[in-house]
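For reference, the chains in residue letters:
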Amino acid sequence: MNMVILTGAGISAESGVPVFRGDDGLWEGHRVEDVATPEGFRRDPQLVHEFYNKRREKLLTVEPNPAHHALARLARDLKGSLTLVTQNIDDLHERGGSPEVLHMHGELLKSRCTQCGGVMECREDMSRASICPACGGIDCLRPHVVWFGEMPFHLDEVGSALHRADLFVSIGTSGRVYPAAGFVELAASSGARTLELNLEESAATEVFSECRQGPASELVPAWVDEILG
């Protein structure tokens, strides 16, 4: 079986990772334009650094939940191929044991140099005074995350996996963020079965051939037991 799994904020929320974009559209009290766009970073890089420093600090206090561990078990024991794609910028899949994860929107625990393009591990606070360990540049590091107006990572690889998929599963996603929201239709057009595991109905629920609702920490381990059983 060739399987593609897409995960979103819902799987990490159960570990205590906040959903930073509120119902009012603000990110932790900030406008999206100020903390999640290239223009906002050019305008006030220190504000953006402080915003992601707080996110990074919070991430380092939480742990993977049973859903993360179940997907790692699936990757290890599945007789076939598994492509795990996440919209999340946390490292909970990796800490849960998943061997390979495609982070569409980047990784919070990494920085990227705007001068040399190097990508480095980053678990400390960043500021305009941070020095790039690759090229020695100053005031050139940014969070290694995809902001609004930027192209997500790994789209060609994900597209190829979706065309080969026998089963596409979406876990904890809103179904509103593109291009990921269109993955279910792309998979279905290639003949794959589609399954949504979500706390509640998403914007894309009606497109899936099967939907199950409940906490990811309960639904995902039970579903993995079915697949491997």
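Residues numbered from 1 in each chain as written. Predicted model: local features only at pLDDT ≥ 70, side-chain atom pairs only at ≥ 80, totals over all residues. Heavy atoms only, no water.

Looking at an unreviewed UniProt entry, one finds the protein chain named NAD-dependent protein deacylase and attributed to Haloferula chungangensis.

(A) How the structure looks around the UniProt feature "active site" (unreviewed entry) in the protein chain. Mapped onto this numbering, the UniProt entry annotates "active site" (unreviewed entry) at H105. Here H105 shows up in the loop between β3 (102-103) and β4 (106-113). In this structure H105 comes out as buried when scored by relative accessible area, which is 16%. Residues contacting H105, with those up to four places away along its chain left out, are T86, Q87, I89, H144, V145, V146, P152 and V177. A polar contact of 3.1 Å, which involves the side chain of H105, links it to the backbone oxygen of Q87. (UniProt positions renumbered as here; feature names shortened; annotations may be inferred. Helix = DSSP H or I, 4+ residues; strand = E, 2+ residues; numbered from the N terminus. Buried < 20%, exposed > 50% of the residue type's maximum accessible area, 1.4 Å probe, protein only. Contact = heavy atoms within 4.5 Å. Polar contact = N/O pair within 3.5 Å; in protein donor to acceptor, adjacent residues only side chain to side chain.)

(B) Spatial organisation of the sheet that holds strand β6 (residues 141-145). A sheet is described by the order of its strands in space; here three strands give the open sequence β5-β4-β6, paired in antiparallel fashion. The open sheet has two free edges, formed respectively by β5 (119-121) and β6, since each of these has just one partner strand. If you compare each strand with its neighbour and ignore which way they point, the axes differ by 45 degrees on average. In the sheet, β4 pairs with β5 via three bridges, with the strands oriented antiparallel. Note that in β5 the partner of S111 across the bridge is M120. The strands touched by helix α4 (residues 45-59) are β4 and β6; relative to β4, the strand with the most contacts, the crossing angle is about 140 degrees. (Pairing = 2+ DSSP bridges. Axes fitted to C-alpha atoms, helices over the stretch in contact; angles between N-to-C directions.)

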